[in-house]
Amino acid sequence: MYSSSSTVPKRVTLIHVLAIQLLLINSELSLNTTNAYLNHKCLVSQGKYKPGSKYEQRLKFIIKRFYSVSNKGYEGFGDSTLSAIIQCRGDSYGPKCHDCFATAFAALRRRCPWYKGRIIWYDQCLLSIDAKYSIGQIDYNNNFCMSNAKKLGGDKFAFIITWNTFMDNLTTLAVDNNTNKLTPFYSAGKTWFKGDMLYGMVQCTIDLNPKACWECMVFNSIHFQHCLNDKRGARFMSRSCTFRFEFYPFLAKHVQNI
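The rules behind these values
Residues numbered from 1 in each chain as written. Predicted model: local features only at pLDDT ≥ 70, side-chain atom pairs only at ≥ 80, totals over all residues. Heavy atoms only, no water. pLDDT = per-residue confidence, 0-100. Contact = heavy atoms within 4.5 Å. Phe/Tyr/Trp six-rings, centres within 6.5 Å; stacked < 30°, edge-to-face > 60°. Helix = DSSP H or I, 4+ residues; strand = E, 2+ residues; numbered from the N terminus. Buried < 20%, exposed > 50% of the residue type's maximum accessible area, 1.4 Å probe, protein only. Lys NZ or Arg CZ within 6 Å of the ring centre and 35° of its normal. Core = buried A, V, L, I, M, F, W, Y, C linked by side-chain atoms within 4.5 Å. Pairing = 2+ DSSP bridges. Disulfide = S-S within 2.5 Å. Salt bridge = Lys/Arg side-chain N within 4 Å of Asp/Glu carboxyl O.

A. The arrangement of the confidence of the model for the protein in detail. Considering every residue of the protein, the mean pLDDT works out to 86; 84% of them sit at 70 or more. Segment residues 1–32 is flagged for pLDDT under 50; beyond a separation of four residues in sequence, or across chains, it makes 11 contacts in the model.

So this is what it looks like as structure tokens:
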């Protein structure tokens, strides 16, 4: 009788431990496996193309090429009449990038049918198609900002200094990573703000040079100050660069203290 009663707590304990382990594993996986749709833009001013046109033929050629190389995380093409770029988040290369690209292109066809110019943002990737040469150029017009509904409260000025310094440091790392063929123009890290850990990420598209990456980050951080300054989490995204900060880990790896 005693032996049977003593085994019950052991089994319960084992099940409890396994449940906690599974919860932790699922929590970690959810950090970088979600791929939420964020925004899109049909570039109406660039007009539409006709079925069977030369533009459509060239677009199909580029999309087919992107499908074959999307696992590497980025690809770009550009000439005077058509430019396109696929850029996946720095921790979402490989099959995740391929899947995100397939999802993004299907969504663009549905949301912006026959438009020559169109952009779509997902959590794990960006797909941009342009009816002009835009490779290597900063896009100042197609951008947006999303923020946590909760305001930070407390010392707003101190937080503005913290997140600006944090973004500058992450941008420096991203530019330094430009020589890294695996994750160019990408960095992620964490820093402290008044006893709370702040997590962040910076990324520029691979077609930019280091100076343009810096300029894109500075422009958008100033342009979207109202969205960033006193929020408990926010991100700005453009065709050319992105910055995000949260008071919780939103990537699988924020290993670097900044």
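B. Looking closely at the packing of aromatic side chains. Per the stated rule, a full pass over the model turns up 17 aromatic pairs. Ring centres 5.1 Å apart and planes at 65 degrees place the aromatic pair Phe159 and Phe193 in the edge-to-face group. Here Phe159 is found in helix α4 (residues 156–176), whereas its partner Phe193 is found in strand β7 (residues 186–193), with 34 residues between them in sequence. Judged by its relative accessible area of 0%, Phe159 is buried. Among the aromatic residues, those joined into a ring-pair cluster are Phe159, Trp163, Phe193, Phe224, Phe236, Phe243, Phe245 and Phe247. The ring of Tyr55 carries Lys116 above its face, with NZ or CZ at 5.6 Å from the centroid. A cation sits over an aromatic face here: Arg244 above Phe250, 4.2 Å from the ring centre.

C. Spotlight on the nonpolar core. Among the nonpolar cores identified, the biggest contains 30 residues, and Phe159, Met217, Phe236 and Phe243 are the most heavily contacted of them. The greatest single-element share of this core, amounting to nine residues, is contributed by α4. Excluding anything up to four places from it in sequence, Phe236 contacts Phe144, Cys145, Met167, Met217, Asn220, Ser221, Phe224, Leu228, Cys241, Thr242 and Phe243. Ranked by size, the runner-up nonpolar core spans 27 residues in total, among them Tyr49, Phe66, Leu82 and Tyr122.

D. Region of the structure containing the pairing of strand β2 (residues 74–78). Pairing between β2 and strand β3 (residues 83–88): five bridges, direction antiparallel. Considered in β3, the bridge of Phe77 is made with Ala84.

E. Fine view of the state of the cysteines. Scanning the model with the defined rule gives six disulfides in all. Put simply, Cys88 and Cys97 are joined by a disulfide, and their sulfur atoms are 2.0 Å apart. When the S-S torsion is 85 degrees, as for the bridge of Cys88 with Cys97, the disulfide is right-handed. By relative accessible area, Cys97 is classed as buried at 1%. Once the bonded cysteines of the protein are numbered in order along the sequence, the disulfide links fall as 1-5, 2-3, 4-6, 7-11, 8-9, 10-12.

F. Spatial organisation of the pattern of salt bridges. Following the criterion strictly, the structure yields 12 salt bridges and no others. Close ionic contact of Arg89 with Asp123 constitutes a salt bridge, the shortest N to O distance being 3.2 Å. One end of the pair, Arg89, is in the loop between β3 and α3 (95–111); the other, Asp123, is in the loop between β4 (115–122) and β5 (125–130), and 34 residues separate them in sequence. The two residues Arg89 and Asp123 agree in class, both being buried. Several salt bridges share partner residues, and in doing so they unite Arg89, Asp91, Asp123, Arg235, Arg244 and Glu246 into one network.

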